[in-house]
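# Chain and residue survey
Spelled out, the chains give:
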Amino acid sequence: MFKRKALDELKKWKENKAPRYSVLLEGARRVGKTTIAEEFARREYRS
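Treat the numbers as computed from the prediction; the structure is a model and nothing was measured.

Here we come to the side chain of Glu 39. Residue placement: Glu 39 occurs in helix H2 (residues 33-44). Residue classification places Glu 39 among the buried positions, given a relative accessible area of 13%. Side-chain polar atoms of Glu 39 contact the side chain of Arg 43, separated by 2.8 Å.

Right, here's the structure in full:
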């Protein structure tokens, strides 16, 4: 998988705001929002 800026931004969100704020991924159709979310979850969470 390509390294994406969005993964870095999600990591910053997790470190700073995750306990209090949810994240919203916005964008056009078929640009990879779900793919980025799944990759982030695989890397950063155990379950």
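This part is about the packing of aromatic side chains. Throughout the structure, instances matching the rule amount to 2 aromatic pairs. Measuring from centroid to centroid gives 6.0 Å for Phe 40 and Tyr 45, while their planes differ by 80°, and the two rings are edge-to-face. Residue class for Phe 40 comes out buried when judged on its relative accessible area of 8%. What makes Tyr 45 partly exposed here is its relative accessible area of 37%. Here the basic side chain of Lys 14 rests over the ring of Tyr 45, its NZ or CZ set 4.5 Å away from the ring centre.

Let's shift gears to the packing of helix H1 (residues 5-16) against H2. At a minimum axis separation of 10 Å, H1 and H2 run at an interaxial angle of 55°. Relative to H2, H1 is oriented oblique. Between H1 and H2 lies a crossing of right-handed hand. Every residue of H2 that contacts H1 at Ala 6, Leu 7, Leu 10, Lys 11, Trp 13 and Lys 14 is listed here: Ile 36, Glu 39, Phe 40, Arg 43 and Glu 44. In terms of residue class, the contact of H1 with H2 is made up of 6 nonpolar, no polar and 5 charged.

The rules behind each value
Residues numbered from 1 in each chain as written. Predicted model: local features only at pLDDT ≥ 70, side-chain atom pairs only at ≥ 80, totals over all residues. Heavy atoms only, no water. Helix = DSSP H or I, 4+ residues; strand = E, 2+ residues; numbered from the N terminus. Buried < 20%, exposed > 50% of the residue type's maximum accessible area, 1.4 Å probe, protein only. Polar contact = N/O pair within 3.5 Å; in protein donor to acceptor, adjacent residues only side chain to side chain. Phe/Tyr/Trp six-rings, centres within 6.5 Å; stacked < 30°, edge-to-face > 60°. Lys NZ or Arg CZ within 6 Å of the ring centre and 35° of its normal. Axes fitted to C-alpha atoms, helices over the stretch in contact; angles between N-to-C directions. Parallel < 35°, antiparallel > 145°, perpendicular 65-115°, else oblique. Left-handed = near helix turned anticlockwise from the far one by under 90°. Contact = heavy atoms within 4.5 Å. Nonpolar A, V, L, I, M, F, W, Y, C, P; charged D, E, K, R; others polar.

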